[in-house]
Amino acid sequence: MSTIHKRIALEFWYEFGSNYSYLSVMRIDALAAQYGVQVVWKPFLLGPIFKSFGWESSPFVLQKEKGAYTWQDMVRQCEKYGLPWKRPSSFPRNTILAMRVALLGSDQAWISDYNKKIMQFNFAEDRDISQPEVVHEALCALGLPAENLIAEAQSEGNKLRLRAQTDEARQRGIFGAPTFFVGSDMFWGNDRLDDALILASQKQITYCS
């Protein structure tokens with residue numbers, strides 16, 4: 001009998017309407033490679049999570065002071081990480097179609113590049129990612145069959161999968177994005193990405209064969 005040790009993967013729960021998810025999406029590949037950790041992409045919708053708390057919008061909109069701080073903080077954080085930034089003229093944007101495509105590709109090789117492209121459109125170029133033509137443009141820019149992917153993303157089965165994944169997020173106690181899981185350990189916020197990766201790099205799953 002032999003024993004195999006494998007590092008545990010990092011689950012990355014994110015939403016395209018989340019400004020702090022933007023920071024993590026743009027950074028996570030390089031950091032995960034540095035720590036030797038596999039990333040499992042977990043797109044979900046924040047809207048139903050917020051509604052379960054009785055909120056009709058983002059807390060950054062509902063609480064004026066928090067919103068004012070957040071936009072100042074985003075300027076600082078983007079300067080810190082060397083990321084482009086343009087405050088969206090509409091916030092939060094409808095992300096349902098873009099998120100359905102992300103779910104469809106969550107286990108595909110193109111998912112990271114797609115996520116970065118959509119985030120770039122929303123938070124660096126102030127493009128309206130709720131529009132099908134913008135999602136189509138993002139996919140085409142990556143050389144992907146945009147029309148086929150958008151049609152499949154809009155299938156009833158994929159819509160139900162996104163609802164189920166959002167329900168799972170709520171059941172696991174997720175209240176915002178980005179959120180990271182290392183096994184049952186939860187980390188919330190872009191500023192906890194390194195902590196989550198460090199733990200994932202230290203945790204192992206042991207198999208016997």
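For the structure itself, consult the block above.
Residues numbered from 1 in each chain as written. Predicted model: local features only at pLDDT ≥ 70, side-chain atom pairs only at ≥ 80, totals over all residues. Heavy atoms only, no water.

**Here we look at the layout of surface pockets**
Rules: A 1.4 Å probe that fits but cannot get out identifies a cavity on a 1 Å grid over protein atoms alone, an open set with protein on both sides within 12 Å along at least five of seven lines counts as a pocket, and a residue lines either if it has an atom within 4 Å of a point. Grid points are joined across faces, edges and corners, and a volume is the space filled by probe spheres set on the points. Elements are defined by DSSP. Helices are runs of H or I of four residues or more, strands are runs of E of two residues or more, and each kind is numbered from the N terminus. Side-chain classes follow a simple rule in which Ala, Val, Leu, Ile, Met, Phe, Trp, Tyr, Cys and Pro form the nonpolar group, Asp, Glu, Lys and Arg form the charged group, and the remainder, Gly included, forms the polar group.
Of the voids in this model, the largest pocket is the one considered here, and its volume is about 890 Å³. Lining the largest pocket are 41 residues, and of these Ser18, Leu46, Phe50, Ser58 and Phe60 lie nearest its centre. If you list the elements that add at least two residues to the lining of the largest pocket, you get helix H1 (19-35), helix H2 (46-52), helix H3 (59-62) and helix H4 (64-81). Top element by residues in the lining of the largest pocket is H4. It accounts for seven residues. Considered class by class, the residues forming the lining of the largest pocket number 19 nonpolar, 13 polar and nine charged.

**Some points on the side chain of glutamine 165**
As a reminder of what qualifies: Throughout, exposure labels follow a simple rule: accessible area from a 1.4 Å probe, protein chains only, divided by the maximum for the residue type, with under 20% read as buried, over 50% as exposed, and the rest as partly exposed. Distance and chemistry together define a polar contact, namely a pair of N or O atoms within 3.5 Å, with one atom able to donate a hydrogen and the other to accept it when in protein, and with adjacent residues in sequence counting only for side-chain atoms on both sides. Any pair of residues with heavy atoms lying within 4.5 Å of one another is described as a contacting pair.
Relative to the elements of secondary structure, glutamine 165 occurs in helix H9 (residues 156-171). Given a relative accessible area of 11%, glutamine 165 falls into the buried group. At a separation of 2.9 Å, a polar atom in the side chain of glutamine 165 contacts the main-chain carbonyl oxygen of proline 43. Among residues more than four places away in sequence, those in contact with glutamine 165 are Trp13, Lys42, Pro43, Phe44 and Leu103.

**Observations concerning the pattern of salt bridges**
Selection rule: Any Lys or Arg side-chain nitrogen found within 4 Å of a carboxyl oxygen on Asp or Glu counts as a salt bridge.
One pass over the structure, following the stated rule, counts eleven salt bridges. The salt bridge involving arginine 172 is made with glutamate 11; its shortest N-O contact spans 2.8 Å. On the criterion of sequence distance, the pair formed by arginine 172 in the loop between H9 and strand E4 (179-182) and glutamate 11 in strand E2 (residues 10-14) is long-range, its members being 161 residues apart. Taking relative accessible area as the criterion, arginine 172 reaches 28% and is therefore assigned partly exposed. Among the residues examined, glutamate 11 registers a relative accessible area of 18% and is labelled buried. Here arginine 127 ties to glutamate 137 by a salt bridge, and the two come within 2.6 Å at their closest N and O atoms. Linking arginine 127 in the loop between helix H6 (111-123) and helix H7 (132-141) with glutamate 137 in helix H7, this pair joins segments that are ten residues apart in sequence. Classification of glutamate 137 as partly exposed rests on a relative accessible area of 35%. Put simply, Glu11, Glu168 and Arg172 are held in one network by salt bridges that share partners.

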